[in-house]
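Below, each chain spelled out in residue letters.
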Amino acid sequence: MNKPKMATEKGIPSSSRVLMLLGQLERTNGEALHPDTEVTRQLTGKILHLIQTQEKTRKEIMGKGSSGMEVILASLENTRDLQTILNILGILNELLSVGGGRRVGVFVSKGGTAILLQLLLSAGKESPPSEELMLQIHCLLAKVGPKDRKFGIKARLNGALNVTVNLLKQNLQNHKLLLPCLQVLRVYASNSVNAVSLGKSGVVDLMFKIIGPYSKKNTSVLKVGLDTLSALLKSKMNARRAVDRGCVPALLAIYQDWHRNDTRHRHMLIRKSILGCLKNVTNIKLGRKALIDADGMRILYSTSTECLPVRTLDPLVNTSSLIMRKCFPKNRLPLPTIKSVFHFQLPNIPAEGPVAQIYNQPPGVDDVVDESDDNEDAEMDTEMDTENEEEEKEAKNDDIETDIRKLRPAKVLTRPFDELRSYERFFVELSEDFQGFEFGNTKTAVPPAPRTPQPRHLQPIVVPTDRAPPLSCPDPLLKTPGMEKGEPPRYEDQPLSLESIALTKATEQGLDRELTHSLDKLTLDPSAGPENGTGAVPDGTQEENAEQAVLEVPDTAALLPLHDPDLYLEMVKSTRSVPGYTEVAYPDYFGHVAPNVREPILERVYGVQRTKIFQDIERLIHPGDILDKVVYDLDLQSVPVVTDGETLKFNSQFESGNLRKAIQVRKNEYDLILNSDINSNHYHQWFYFEVSNMSVGQPYRFNIINCEKSNSQFNYGMQVLMYSVQEAISGSPCWERTGLDICYYKNHFSRSSIAAGGQKGKSYYTMTFTVTFQHKDDVCYFAYHYPYTYSALKMHLRKLAEMRTPQIYLREDVLCETLGGNLCPLLTITATPESSHNDHLCQFRNRPVVFLTARVHPGETNASWVMKGTLEFLMGPSTQAQCLREAYIFKIVPMLNPDGVINGNHRCSLSGEDLNRQWQNPSPELHPTVYHTKGLLQYLAATHRTPLVFCDYHGHSRKKNVFMYGCSVKETVWQTNVNATSCDLHEDLGYRTLPKILSQMAPAFSLASCSFVVERSKEATARVVVWREIGVQRSYTMESTLCGCDQGKYKGLQIGTRELEEMGAQFCIALLRLKRLTSPLELRNHAHLLDVENDLIDTRCKITSPTTYVMEEDEPAFLEEVDYSAESNDEIEPDMDPEFHDNPALTDPLSDSEINNQDSLI
Ligand SMILES: [Zn+2]
């Protein structure tokens, strides 16, 4: 036999019979206007036979370089002969039934879908249509549809939908034809426009004829029918129609039937599909109501409870829980208003914005709920509104600044120099002549008394007491015993050992008795002014008779050189809070000694969230079990104090405290509501409160129910902090990470759109944790992170001043007064010049400025601990510290937002605004600390002393490690791919040096988390404004995790104050290295260090991940995400189930997953 030359032959054994036949087929297609039907029929019949009998022929046809598929499709398109068509469809069915997605991909790419749909259409015109032909076409479409992204549109435009629907209606009993038709319908229905159209054609009702109670027969048909119904019910219009016809009770009954009869759990997927229908139909309010009316909550709850012990049924439990959460009637927060309990009258109220809104709200308006949920059913889905299905959603981030002009640092002098000149008084060191000053190591020498040219009204308020001498102008040298020996105490060198805490031991019994008396309240007596001078003491310690025991204060002086309880109370007196707090929290009074134990990041226990949610759902199922007893209420101070010994006592009326309400839900479970930031109606994240009257050894569950962030590190191993006063007294005064069963999830309390930035239908989140108390009669404190009050800062600054030596130049100025009447300190730290010789003065005055700020966000207490580490290092006796002081002049504003800190705010100042969004145009009245800090920087720029480094310390609630955000034009441009010419920009890489050095030396620091992209949403932050307007190239935000580290030495551990303080010290050492790298004189001597810069240049082009724009969430999804992301009003929920390939709509068209086997799983 002659072997014809053919296109299909390339590289393939010419002996292949099937290829030869294909070649003949190709010629038949090509040569004739009237192809010989008989020949084509024979050829295709032979090919079909070969394929059915010889495995290898399939490979030959589909092999690389083969044009077999084209030839087959061309033949299909050309022929009208039924037998030939059936032959070809048979060939295709054989070819596509194996090989997964690749072969289908080839079929789709060669236009196979359109040919098949065309064939379907013409077959549908026959009356009656050929059953065999319809069967074959649908079998093929069922294989192809899920892999063709455009299948839904193609089918609709082609008019294929009706053909399938009509066929189905006529063949409901024909199970052979039913299955492939349903499979195709399921793919059609996954397109939202199709779903609406199919619904109008009565397909929803049709599906209810197919699905039904438990049966071992036709489970495949049932499963596909349910999935189709589920897809159709995503359309609100279909859902409404279905609810009207009673589908919700019907589905519930079917579900119960399967639950009862499928005892061996062979049909889990069918049961899940029934739940899938319920899940979608309850996306509409009507559906949720129908479910409640049909006792659906109880049905789902009890079936889920029965499923819980079988792990393989988890998908059922998860989906049930999702539905129950969605249908759980939305509650309002039990509050009279969501506005903060405390109000602060602003000197002037902004014309618009959230603060103005709060002020302008008429009294009596219920802002706790609004009509968020009620207008949903008015929306009608149209066929047109979802036509954008072809638009692929690009993961484009539109927050990145693309305007090159805005990216270029442009020094702007917004205030006239004459005005800026008033800041000269904060730089007296630059005009100081140091005449008559004794330099060197003489112990008697005292540096010049700090000149603090402050306006008279800004004088710090110091209340002298009988317990401590007035310290308003301390002479630290006379007070530091270590100094007399010429060696100041070096606390860093001392091991932190708990044994070293001296304690007056009391008998166990005695201690308890004392505590019941003395652990009542630590209150400042407001009447105890400077005149009577009793000072602040715990109630009943000093004024009562001698029989009363004195509260033992742990002696931590050796371990906490900057802490002094008496001094703390002294400081509290001049701290002004809006509520006028007089109580002092014990932890702030006693101090915190970082424990010497490892505190690992908590491993999340599987199913915690589910368990918690089920407990929440039980509130609805068994309302009789709920106590609902208000035990603490700031709005209603008259709430009676509970004395039954069964109920916890709450309190947070002290500096930085912010608990608003506590409700006992069950015997040992409490719902807690946090107060909003002052002059605001939201920002709930930070918390700090006191608990007492607890029973020992019983787990207590606490739920903070008005959290707002959509995710939290509490889902990734972060624990809350607890401070036990009993522990403190017996020798461990410390905050410890505690709490089990911690998770964070969306709850059923609806958020008013007023507080959600206008967004409707939002819910709050619950942060839940469980604690078992160890001590009777204890007083325990809980906090979001290690508290650090404004009074603590003042105490630390006072103690730091005592560390001053003649070599240290330290000056504390009052930068300004805050809205709340507190003073904002500004520190100047450098080394006193070697002498008053001109050269030395010259060196002194030419030192570059390093400008540091912290705690603009009150809830980020970690920033203060890092700042404490920085300050302590800078004031320390080490040679490195001395070198640093000789190298730079440090200007430090350690707390940019004292009012926010004092009043327990999370984010804002008293103006109700985020101060770190005010840097572009700060108001001297509303944002004085930012206005004047910026003024200092503007003054420096105007006098050609632009700081070398600016860094603002922050805390990050959603990421691990410590990292920096900086500003780089190039790295921003790289992210946006604007245009090539802009990439020719010259940019000094200096901004990368400091983070790079830090990553080499600070264990908590992670370069990989750093970002140097300028975002539009951040354009009014300190970092961006100081870079753009002041012209500081190295302008940073340093973010410290609130949780812990996932790299480096502290990998797997939660972060503590020791690590945070170390970070602050390491930052200083990094500045010292930076100095060596940036000083031209020293470059030659430190050539090896230049490697850092070289290294940077080398890796510049390779670094991609470190420069990648940092997304909001960088944590991997955890197992329970399906529950976690439940959103009542989401039309389409991302289906995170492991069986997601079950849903053709979500299948990646290019994947090779074995979608064809889906029914065999049943
Ligand atoms: Zn912050």
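Predicted, not measured: the structure shown is a model, and the values here were computed from it.

Chemist: Please set out the overall build of the protein chain residue by residue, giving values where relevant.
Modeler: The helix and strand inventory of the protein chain stands at 42 helices and 20 strands. Across the 1162 residues of the protein chain, 60% fall into the buried class. About 47,600 Å² of surface is accessible on the protein chain, with carbon and sulfur atoms providing 51% of the total.

Chemist: Lay out helix α19 (residues 296-307) in plain terms, naming residues and giving numbers.
Modeler: Helix length check: α19 (12 residues) gives 16 Å between terminal C-alpha atoms against 16 Å at 1.5 Å per residue, within 8%. Buried within α19 we find G296, M297, I299, L300, Y301, T303, S304 and C307. Residues of α19 that are buried in the fold lie against α16 (247-261), α17 (268-281), α18 (285-293), α20 (314-327) and α29 (608-621).

Chemist: Any chance you could break down the nonpolar core for me, citing the residues and the numbers?
Modeler: The nonpolar side chains of a soluble globular protein tend to be buried, and buried together. Counting residues in each nonpolar core, the largest one holds 139 residues, and the members touching the most others are F650, F702, F782 and M1038. Broken down by element, the residue count for this core peaks at 11 residues, all from helix α40 (residues 1057-1078). With residues up to four places along the chain from it excluded, the contact list for F702 reads L648, F650, Y670, L672, V691, M767, T768, F769, V771, F773 and F782. Core analysis: the second largest hydrophobic core is formed by 116 residues, L25, L96, M268 and Y301 among them.

Chemist: A description of the UniProt feature "active site" (unreviewed entry) in the protein chain should follow, citing residues and the corresponding values.
Modeler: The positions UniProt marks with the feature "active site" (unreviewed entry) are E1039. Inspection of the secondary structure assignment puts E1039 in strand β20 (residues 1034-1041). Accessibility expressed as a relative area gives 8% for E1039, which makes it buried. Not counting residues up to four positions away in its chain, the partners in contact with E1039 are H954, G955, H956, N961, V962, F963 and Y965.

Chemist: For the sheet that holds strand β5 (residues 659-666), give the residues involved together with the corresponding values.
Modeler: Think of a sheet as strands paired side by side through backbone hydrogen bonds, with each pair either parallel or antiparallel. Read from one edge to the other, the open sheet built from 6 strands follows the order β3-β5-β6-β8-β12-β11, with strand pairing classed as mixed. Of all the strands in the sheet, the pair left with one neighbour each is β3 (629-633) and β11 (740-750). Strand-to-strand twist in this sheet, taken as the mean axis angle between neighbours without regard to direction, amounts to 25°. Sheet topology note: the strand β6 (residues 669-674)/strand β8 (residues 699-707) ladder contains 4 bridges and is parallel.

Chemist: Help me get a handle on the coordination of the zinc ion, residues and values and all.
Modeler: Protein coordination at the zinc ion: the donors are H857 (ND1), E860 (OE), E860 (OE) and H954 (ND1), at 2.1 to 2.3 Å from the metal. Here the zinc ion is ringed by 4 donor atoms whose angles at the metal span 59 to 152°, and the overall shape comes out irregular. Site description for the zinc ion: donor spacing in sequence, H-x2-E-x93-H. Of this pair, H857 sits in the loop between β16 (849-854) and α33 (861-874) while H954 is found in strand β18 (residues 949-956), placing the two residues 97 residues apart along the sequence. Look at H954 and you get buried, because its relative accessible area is 3%.

Chemist: Residue-level account of the pairing of strand β13 (residues 779-783), with values.
Modeler: When you tally the buried positions in β13, you get 5 out of 5 residues, the bulk of the element. Examined bridge by bridge, strand β7 (residues 688-692) and β13 share 5 bridges and lie antiparallel to one another. Bridging from a neighbouring strand, S692 pairs with V779 of β13. The sheet contact formed by strand β9 (residues 720-724) and β13 spans 4 bridges and is antiparallel. The residue bridging Y723 from the neighbouring strand is Y781, located in β13.

Chemist: Can you lay out the pattern of salt bridges for me, pointing to particular residues and giving the numbers?
Modeler: Following the criterion strictly, the structure yields 36 salt bridges and no others. Where E429 meets R811, a salt bridge forms, and the shortest distance between an N and an O atom there is 2.8 Å. Taken as a pair, E429 in the loop between α23 (417-420) and α24 (476-479) and R811 in strand β14 (residues 808-817) lie far apart in primary sequence, 382 residues in all. For E429, a relative accessible area of 1% puts it in the buried group. For R811, a relative accessible area of 1% gives the class buried. In this structure, the salt-bridge partner of K934 is E1029, at a minimum N-O distance of 2.9 Å. In this pair, K934 sits in helix α36 (residues 928-942) while E1029 sits in helix α39 (residues 1022-1030), placing the two residues 95 residues apart along the sequence. The class of E1029 is buried, set by a relative accessible area of 12%. In the salt-bridge network here, residues are joined through shared partners; they are D616, R619, R666, E669, D671 and R701.

Chemist: Summarise helix α38 (residues 993-1001); cite the residues concerned and give the values.
Modeler: Judged by how many residues are buried, α38 sits mostly within the fold: 7 of 9 residues are covered. Inspection of α38 places T993, L994, P995, K996, I997, L998 and M1001 among the buried residues, and these make up the whole buried set.

Chemist: How would you sum up the pairing of β7? Please name residues and give values.
Modeler: Among the 5 residues in β7, 5 count as buried, and that is most of the element. On β7, burial covers both faces: Y688, E690 and S692 on one face and F689 and V691 on the other are all buried. Where strand β4 (residues 649-651) lies against β7, 3 bridges are found, and the strand directions are antiparallel. The residue bridging K649 from the neighbouring strand is S692, located in β7.

Chemist: Could you give me a rundown of the packing of helix α15 (residues 236-244) against α18, with the residues and numbers involved?
Modeler: Contact geometry for α15 and α18: axes closest at 9 Å, N-to-C directions at 30°. With respect to α18, the element α15 is oriented roughly parallel. Once α15 is placed against α18, the crossing between them reads as left-handed. Of the residues in α18, those touching α15 at R240, V243 and D244 are L286, G287 and A290. Along the lines of polarity and charge, the residues of the contact of α15 with α18 split into 3 nonpolar, 1 polar and 2 charged.

Chemist: Explain unusual backbone geometry residue by residue, including any values.
Modeler: Negative phi values dominate among residues other than glycine, just as trans dominates among peptide bonds. Residues S127 and P128 are joined by a peptide bond in cis, for which omega reads -10°. Mapped onto the elements of the fold, P128 is located in the loop between α7 (112-125) and α8 (131-144). In this model, D295 sits at a positive phi of 65°, which is unusual for a non-glycine residue. The residue D295 is located in the loop between α18 and α19 in this model. Despite not being glycine, F434 shows a phi value in the positive range, around 55°. Checked against the element boundaries, F434 lands in the loop between α23 and α24. Judged by relative accessible area, which is 2%, F434 ranks as buried.

Procedures and definitions
Residues numbered from 1 in each chain as written. Predicted model: local features only at pLDDT ≥ 70, side-chain atom pairs only at ≥ 80, totals over all residues. Heavy atoms only, no water. Helix = DSSP H or I, 4+ residues; strand = E, 2+ residues; numbered from the N terminus. Buried < 20%, exposed > 50% of the residue type's maximum accessible area, 1.4 Å probe, protein only. Areas by Shrake-Rupley, 256 points an atom, 1.4 Å probe, with all protein chains shown as cover. Expected span 1.5 Å × (residues − 1). Contact = heavy atoms within 4.5 Å. Core = buried A, V, L, I, M, F, W, Y, C linked by side-chain atoms within 4.5 Å. UniProt positions renumbered as here; feature names shortened; annotations may be inferred. Pairing = 2+ DSSP bridges. Axes fitted to C-alpha atoms, helices over the stretch in contact; angles between N-to-C directions. Donors = N, O, S within 2.8 Å, 3.2 Å for Na, K, Ca; no water. Tetrahedral: all angles 85-135°; square planar, octahedral: opposite > 155°, others 65-115°. Salt bridge = Lys/Arg side-chain N within 4 Å of Asp/Glu carboxyl O. Parallel < 35°, antiparallel > 145°, perpendicular 65-115°, else oblique. Left-handed = near helix turned anticlockwise from the far one by under 90°. Nonpolar A, V, L, I, M, F, W, Y, C, P; charged D, E, K, R; others polar.

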